Each structure stands twice: as C-alpha cells, then as structure tokens.
Amino acid sequence: MKRHRVLKDLLDIFLLFFFTVAIVQLLLSLKTVRRNPVLSFEGGIPFQQVESIAKKNTLSQKNKRTGHHMRQYTWTDSTNSQRITRLKLDKSAVKNEIKKFGMVRGMKSTLFMQKRGFKIIGRSNRLVRGRIKENITTIVDYRQIFDRNRRYFPELTSQLIDSFSGGRYNPLYDFLKFVQYIPYRRPPVRYAGRFIGKFFVPLVCLYEQYGDCDSKSLLLAEFLSAYPASKEQIGMLLIHGQGLAHAVLAIKRKPLVGMSSIFVNGSGYYILLEATYHHFAPGFVPYRVARAIKAGYIRYVPLN
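Please read all numbers here as calculations on a predicted model, not as lab measurements.

Novice: Any chance you could break down a positive patch on the surface for me, citing the residues and the numbers?
Specialist: A surface patch of positive charge is lined by K108, R129, R131 and K133. By relative accessible area, R131 is classed as exposed at 63%.

Listed below in structure tokens is the structure:
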C-alpha cells in the first residue's frame, strides 16, 4: 500500500514536470521575435513644444475630385510678419512615397531593407537557444530619401515663395521659420502597414503636417536645395549621446561668433539649423545639443 502511494506520487510529479515544460515551450514559441534595432532620432529635448498652427483644410467636393491634397499653414516669417501658405501635394506622389518607404512584417533581407529606405550601420552576433544569430543595427538612409524626394520640391518651393506675395524673402531664415512652425510630434512606429521607425519622408511630413527632428530637418533640406539657383551644400547631423537622440541640419556657411558649427574635412565649416523649435536662429541650437556635439557624439550624413 505504501509502495503504491510512492509510485503514484512519483507519477504525479513526472506529469507536473512534463506539463510545465510543455507550457514553457509553448510560450517561448509564441514570443515575439526580437526585431533588428533601428536607431531613431526623436528630438527628445525638454522644451515646450510649438503650438499646432498647421491645419488640414476641409476640402470641397471640387478639391476632392482633383489630383491634389490641399494643406494650409499659418506661420511667422523672419520679419515677424504672419504668413498663410497653401501647398498642393500631388496625390499620386504622396501615395508613391508612402509605398516606397518602410518595412513590412517578416522582412528579413538586408538588401530589401536598403531598398526600402534603411541603411545598415552595425552588425553583431548573439546567442539564441544555442544558435548564433546576426543582429543588425540600421538608421534611415537620409541620402536616398533626399534624392528621391527632390523632384517634388521645385514646385512646392515655388508655392512657398508665392506666399510672400512678391515681397523679399531670405531662403535660409524664412524656410527655416516655415519648417520650425510645423508642429513637432513623433511619427508612429508603424504607418500604413509598414515599419517606418518614427520617421516621415519629406512629402509625407507635409501631408501629415507634423514631424520630429529628423523628419523636419530633411524637409528643410529639400526646400533649401530647391529654390531658384540654389547651390547649397547641406547634410544631416545626428546626435546620439549624453541622453540625447536628436538631429539637426548642417549647411555650409562661415560661422559668426557664438554660432554652433562643425568642420567637414575637404569641405569646410557648416553652421547648424535647429528645425524642431521656432525660437532658434540659423547657427544656434539648444545648450544640451551643443554640449553633446562638442563631446563628439555625432554622425554627419552628407546629402549633396
């Protein structure tokens, strides 16, 4: 009798162990696969965000039948004059850019990642269940997206210039002001069924009428490279360190006293343009950003 009870207890322990192992294996199999990390730049600086001033128009039935999305922006230019700018965004172009950028679920090919707007900047190996797997770190391929969007911006820049009603304008100061007044907000991780890594391409940034630091900086780059007779040399400056993940635009200019700048070998000095917040003039950035740049936590990405 006693021996029978011992055998029954051992059987119960074995069954409990078996079911525990089975449940653990099931949970591990359902666990979401770790994605390759994407280094994103989100402008996480503790300044008060710019109040939203851009609004989507309530389109008339006539406008809905056209091939354009109408967007209106109210902003203040470099002379403190209030401006109203209306931009016509080609619907097919917006749709095309949404389709071309971002990764769909299950995408593993590094070649496909690069075609979809991401650039590999690091590789490492990790041990997963006794197997070595490659871990890839990527960032947005700003140069690829800048080049692809350039064809849309001569017309859009012309529309922006028209909002000055024939008056004088300074591309560096006024285009910077226009982009600064576009509301700062982080794009979603996924958009239109694709992983976009919290980044809007320039045309989609205008379409959605908001963006974060690198989205707005690249948008500013498009405007500055598209105005008549433009010969601007520009690049993205990515700051990642000292608690910051930020991006600003760099444009070739001789810095004045007090300005923040970088020196690019073989090219010269570039001053920095803070596109995220509206109270920074060309050459001036927040103190935390300037400190991180001075400490060397930067990556420069030339655009042209």
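Novice: How would you summarise the sheet that holds strand β12 (residues 298-302) if you had to cite specific residues and measurements?
Specialist: Pairing in this open sheet of 5 strands is antiparallel, and the strands run β10-β11-β9-β8-β12 from one edge to the other. The open sheet has two edge strands with one neighbour each: β10 (261-264) and β12. Averaged over neighbouring strand pairs, the angle between their axes works out to 35° when direction is ignored. In terms of strand pairing, strand β8 (residues 234-241) meets strand β9 (residues 244-252) through 8 bridges, oriented antiparallel. Bridging from a neighbouring strand, H240 pairs with A245 of β9.

Novice: Outline the packing of helix α6 (residues 153-162) against helix α9 (residues 213-226), listing residues and values.
Specialist: Where α6 contacts α9, the two axes come as close as 9 Å, and the packing angle between them is 85°. If you check the angle between α6 and α9, you find them roughly perpendicular. Here F153, P154, L156, T157 and L160 of α6 lie close against α9, whose contacting residues are L219, E222, F223 and A226. Its residues assigned to classes, the contact of α6 with α9 shows 7 nonpolar, 1 polar and 1 charged.

Each value, and the rule that gives it
Residues numbered from 1 in each chain as written. Predicted model: local features only at pLDDT ≥ 70, side-chain atom pairs only at ≥ 80, totals over all residues. Heavy atoms only, no water. Patch = residues over 30% accessible without salt bridge, like charges linked within 9 Å, V, L, I, M, F, W, Y side chains within 5 Å. Areas by Shrake-Rupley, 256 points an atom, 1.4 Å probe, with all protein chains shown as cover. Salt bridge = Lys/Arg side-chain N within 4 Å of Asp/Glu carboxyl O. Lys, Arg positive; Asp, Glu negative; His and termini not counted. Charge placed at Lys NZ, Arg CZ, Asp CG, Glu CD. Buried < 20%, exposed > 50% of the residue type's maximum accessible area, 1.4 Å probe, protein only. Pairing = 2+ DSSP bridges. Helix = DSSP H or I, 4+ residues; strand = E, 2+ residues; numbered from the N terminus. Axes fitted to C-alpha atoms, helices over the stretch in contact; angles between N-to-C directions. Parallel < 35°, antiparallel > 145°, perpendicular 65-115°, else oblique. Contact = heavy atoms within 4.5 Å. Nonpolar A, V, L, I, M, F, W, Y, C, P; charged D, E, K, R; others polar.

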